[in-house]
Amino acid sequence: MPFFGQNRPTSSATSQLIKVGRIERVVNRLGFHSSRHCDNRKTAVGQPAMRRWPIWLVALGGVILIPGGIWFSTSRTRLTKNDDATALQPLIRIPLASLHEQPLTTMLTIPKSPPWARIRRAWGEPEFVISASEPTGRTVMCLSSMPVRIEVVNTNGSAISMQAGAGPYGYSDYCSGSSLRFQATGGSVLTLKITKVELRPVPAGDVIVLVDWWNTKDKLVGVALDEETGFLLKRLSIAGILLIAVGAMLVVWDYSRRQRPV
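Residues numbered from 1 in each chain as written. Predicted model: local features only at pLDDT ≥ 70, side-chain atom pairs only at ≥ 80, totals over all residues. Heavy atoms only, no water.

**Structural notes on the overall build of the chain**
Counting its secondary structure elements, the chain contains 5 helices and 12 strands. Across the chain, the fraction of contacts at a sequence separation of at least 24, relative to all contacts at a separation of at least 6, is 78%. Total accessible area computed for the chain in this model is approximately 17400 Å², and 62% of it derives from carbon and sulfur atoms. (Helix = DSSP H or I, 4+ residues; strand = E, 2+ residues; numbered from the N terminus. Contact = heavy atoms within 4.5 Å. Areas by Shrake-Rupley, 256 points an atom, 1.4 Å probe, with all protein chains shown as cover.)

**Some points on the pattern of salt bridges**
Proximity of charged atoms lets side chains of opposite charge pair with each other. The full count for this structure, using the stated rule, is 7 salt bridges. The partner of Asp212 in a salt bridge is Arg181, and the shortest N-O contact between them spans 2.9 Å. With a gap of 31 residues between them, Asp212 in strand 12 (residues 206–212) and Arg181 in strand 10 (residues 179–182) connect regions that are remote in the sequence. With a relative accessible area of 9%, Asp212 lands in the buried category. Judged by relative accessible area, Arg181 falls into the buried class, the value being 13%. Several salt bridges share partner residues, and in doing so they unite Glu127, Arg181 and Asp212 into one network. (Salt bridge = Lys/Arg side-chain N within 4 Å of Asp/Glu carboxyl O. Buried < 20%, exposed > 50% of the residue type's maximum accessible area, 1.4 Å probe, protein only.)

**Examining the environment of Val140**
Tracing the sequence through the fold places Val140 in strand 6 (residues 139–141). Considered as a pair, Val140 and Ile130 are 10 residues apart in the sequence and their alpha carbons are 9.9 Å apart. Those residues within four positions of Val140 in sequence are excluded, and the remaining contacts are Ser131, Ala132, Ser133, Gly167, Pro168, Tyr171, Ser172, Asp173, Tyr174, Ser178 and Ser179.

Remember, this is a structural readout, not a statement about activity or role.
Below is the structure:
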């Protein structure tokens, strides 16, 4: 019979609806959805996934920045090419041609500038070497066979103890005891005294005072490797900063997009 203008559902139709509802519940439990439900699910799952990408970019950029940050935070303890060039330069140079019958004296100040303080922190305390170099500047002569006597005196007038030893790094020598070596602290003011002790002529060349470390060659190689490592870490740090910037921009863009009224 008509009921408010509609036909009453029959018992068979009602049972069919109940069966369909049960089937849909089973299908949903098993993870199968209609196309409409799938589209909604993709949208709900896809948006959080897309929002995670900027966070991953920022995290990756931060990880890349860590080695560079450690490197630059310890930069004061490492040397540059300018520092190693300074360490190998003679502190003083005296032409042997200026040596006559009278003793030749000159002041020798042990360097204590910031670059030298950095060099001492990195390489340790050095030895100071007095040598007589040939005019070519790459070979040192044997001081023991030359008609000169060399002394180093401190401000109290006391002579500094010196030992015969090999020439400085970067110079070849003619004998194992070609030079004189001594220790001194940074900032010391010393007097270098050179006296001619025989009438025979003094060979051409210069008396030089240099700074020398044990295993200087390996220390210079370390400086070169530090320069190359620093170059690579600078490039990596730039890449990390760019990733963080892009990730931050995407986070701001996504936030502003979600704040817009629908």
